[in-house]
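Chain and residue survey
Residue strings, one per chain:
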Amino acid sequence: MDSVLAVGESAPLHSLKVPASQAVVELSIVVPTFCEAENVAVLVERVEDALSGHRWEIIFVDDDSADHTAERAKTIASQDQRVRCIRRVGRRGLAGACIEGILSSAAPFVAVMDADLQHDETLLPRMLEQLESGEIDLVAATRYAGEGAGAEGLANARRGQLSRIANASVQRLLSMHLTDPMSGFFMLRREIVEAHADDLCADGFKILLDIVATAGSRLRIAEVPYRFRPRQAGESKFDTRTAIEFAGLVLSKLSFGVVTPRFLVYALVGTTGLGVHMLALLGYLAFDGNHFAPAQLFATGMAITNNYVLNNLLTWRDRRLRGWQMVRGFAGFCLISTAGAIANIGVAEWLFAQEPKWWLAGFAGAVMGAVWNYSMSSRLVWQSR
Ligand code: GDD
Ligand code: MN
């Protein structure tokens, strides 16, 4: 009878930690995909060859690619229990996809790797060995140090240059000791991501950089060199927005999370709004130079419309509003902007009364307005954090 549990008591099963050597799956390989239908089957085959004798699984995390990548991956998964696929709808983003994939794993070790065969899968056993030794927490594959390293696969010379500049600035700004902090190929103890999941940034491309910057100096890191291969099928998703998001991630880490990548894109949109405002004002006054107030009102309306459209396209592109939602969102955005303008003027006037410096009062008012607009639009119009 004493083996029966009383109500409310629970078996201590979950507190028993399974040693890594006995886990059903030793290593989960998280592979973010966006339009990689032609690559998934080849990748599974190559990983299978590379990791024979190990207990591994592949978790594809697909953002609802139009080329049916998820369907392909699930067809493989239906015949091979080592393959899984998470299909995310209504969301986009490499880093976010990686975090979700890692958090869906129960293996002691996880790797992140691209689907397009640019990363050298034959490195996986060596990386795993280093982690299993217990002396290392994270192994990053590097294109920039050690024998056999190379970045030939970068789409073009400009990408190569950009990558090196970004590298140098990150090392300096965040005082990191990774030779390739932008690498999208690494392996680590899953616990590390579990512990910091809340502080990682789901926007952007640079998940390794984020993990190392967040988990800090406590991590014991090793690097392994590899040659970054040219992409096989499909095309790179790297674009201007990705570059801006990257700058945003660095700022965000430097400002301890105050300035987010999304806010940076928002600020850039606001800057274009200022340009639109001045142009509209100029245009209106050329047409009717006698009335300033209606001209200013007209210019404000144009700037708000410009900001709304661009924010919907860029800042919140992962939550883009369409059709009627877009009209409703616009009404909300106008109300928030009006309240923001009132707050802006209020703060500026109050400050000017305390300290009559026009530039200080003006600047503080504008910042106040921008922060208000951002946080309210974020919550009420696009409903994100
Ligand atoms: N789920 C999801 N969502 N996956 C994505 C998304 C997205 O929004 N964007 C890209 N991916 C996937 C791609 O399908 C691919 O498997 C991987 O992420 C890398 O994307 P690429 O578009 O191939 O990027 P790249 O080759 O230009 O960049 C690579 O090199 C960089 C270093 O220069 C990546 O490895 C980066 O992580 C790395 O930083
Ligand atoms: Mn690629």
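The rules behind these values
Residues numbered from 1 in each chain as written. Chains lettered and ligands numbered in written order. Predicted model: local features only at pLDDT ≥ 70, side-chain atom pairs only at ≥ 80, totals over all residues. Heavy atoms only, no water. Helix = DSSP H or I, 4+ residues; strand = E, 2+ residues; numbered from the N terminus. Expected span 1.5 Å × (residues − 1). Buried < 20%, exposed > 50% of the residue type's maximum accessible area, 1.4 Å probe, protein only. Contact = heavy atoms within 4.5 Å. Donors = N, O, S within 2.8 Å, 3.2 Å for Na, K, Ca; no water. Near = heavy atom within 4 Å. Polar contact = N/O pair within 3.5 Å; in protein donor to acceptor, adjacent residues only side chain to side chain. Areas by Shrake-Rupley, 256 points an atom, 1.4 Å probe, with all protein chains shown as cover. Nonpolar A, V, L, I, M, F, W, Y, C, P; charged D, E, K, R; others polar. Axes fitted to C-alpha atoms, helices over the stretch in contact; angles between N-to-C directions. Parallel < 35°, antiparallel > 145°, perpendicular 65-115°, else oblique. Left-handed = near helix turned anticlockwise from the far one by under 90°. pLDDT = per-residue confidence, 0-100. Pairing = 2+ DSSP bridges. Phe/Tyr/Trp six-rings, centres within 6.5 Å; stacked < 30°, edge-to-face > 60°.

**Regarding helix 10 (residues 292-315)**
For helix 10, which comprises 24 residues, the first-to-last C-alpha distance of 32 Å matches the rise-based estimate of 34 Å (1.5 Å per residue) to within 8%. The complete set of buried residues in helix 10 reads Ala-295, Ala-299, Ala-303, Ile-304, Asn-306, Asn-307, Tyr-308, Asn-311, Asn-312 and Thr-315. In this fold, the buried residues of helix 10 make contact with helix 8 (240-254), helix 9 (261-287), helix 11 (323-354) and helix 12 (358-381).

**Description of the coordination of the manganese ion (ligand 2)**
In the first shell of the manganese ion (ligand 2), the protein supplies Asp-116 (OD) and Gln-118 (OE1), at 1.9 to 2.0 Å from the metal. On the basis of relative accessibility, which here comes to 4%, the residue Asp-116 falls in the buried class. Classification of Gln-118 by relative accessible area gives buried; the value is 8%.

**Some points on the site of ligand 1**
Every one of the 27 residues lining ligand 1 counts as a neighbour, but Glu-36, Arg-92, Asp-114, Met-182 and Lys-237 are closest to it. Take Asp-114: an N or O atom from its side chain is 2.4 Å from an oxygen atom of ligand 1. A distance of 2.8 Å separates an oxygen atom of ligand 1 from a polar atom in the side chain of Gln-118. Relative to its unbound accessible area of 740 Å², ligand 1 is 98% covered by the protein chains. Breaking the shell around ligand 1 down by element, the ones donating at least two residues are strand 1 (27-33) and helix 3 (94-103). Along the lines of polarity and charge, the residues of the shell around ligand 1 split into 11 nonpolar, 6 polar and 10 charged.

**A word on the packing of helix 10 against helix 11**
Orientation of helix 10 relative to helix 11, taken along the N-to-C sense of each, is 125°, at an axis distance of 10 Å. Comparing the axis directions of helix 10 and helix 11 gives the class oblique. Crossing of helix 10 against helix 11: the hand is right-handed. Between helix 10 and helix 11, the residues in contact are Ile-304, Thr-305, Asn-307, Tyr-308, Asn-311 and Asn-312 and Gln-325, Met-326, Gly-329, Phe-330, Phe-333, Cys-334 and Ser-337, respectively. Considering only residue class, the contact of helix 10 with helix 11 consists of 6 nonpolar, 7 polar and no charged.

**Considering the confidence of the model for the protein chain**
When pLDDT is averaged across the protein chain, the result is 87; 93% of the residues are at 70 or more. Scored below 50 in pLDDT, residues 1-15 makes 2 contacts in the model with residues more than four places away or belonging to other chains.

**Observations concerning the sheet that holds strand 2 (residues 56-62)**
Read across the open sheet, the 7 strands follow the order 3-2-1-4-6-5-7; overall the sheet is mixed. Each edge of the sheet is formed by a strand with only one pairing partner; in this case those strands are strand 3 (83-87) and strand 7 (221-225). Recorded for the sheet is a direction-independent mean angle of 20° between the axes of neighbouring strands. Contacts from helix 2 (residues 69-77) reach strand 1, strand 2 and strand 3 within the one sheet, and its direction differs from that of strand 3 by about 150°. Docked against the sheet, helix 3 engages strand 1, strand 2, strand 3 and strand 4 (109-112), running at close to 150° with respect to strand 1.

**Some thoughts on the packing of aromatic side chains**
According to the stated counting rule, one finds 14 aromatic pairs in the structure shown. Considering the side-chain rings of Phe-263 and Tyr-374, the 4.8 Å spacing of their centres and the 90° angle between planes classify their relative orientation as edge-to-face. Of this pair, Phe-263 sits in helix 9 while Tyr-374 sits in helix 12; the two residues are 111 residues apart in sequence, bridging distant segments of the chain. Under the relative-accessibility criterion, Tyr-374 is labelled buried at 12%.

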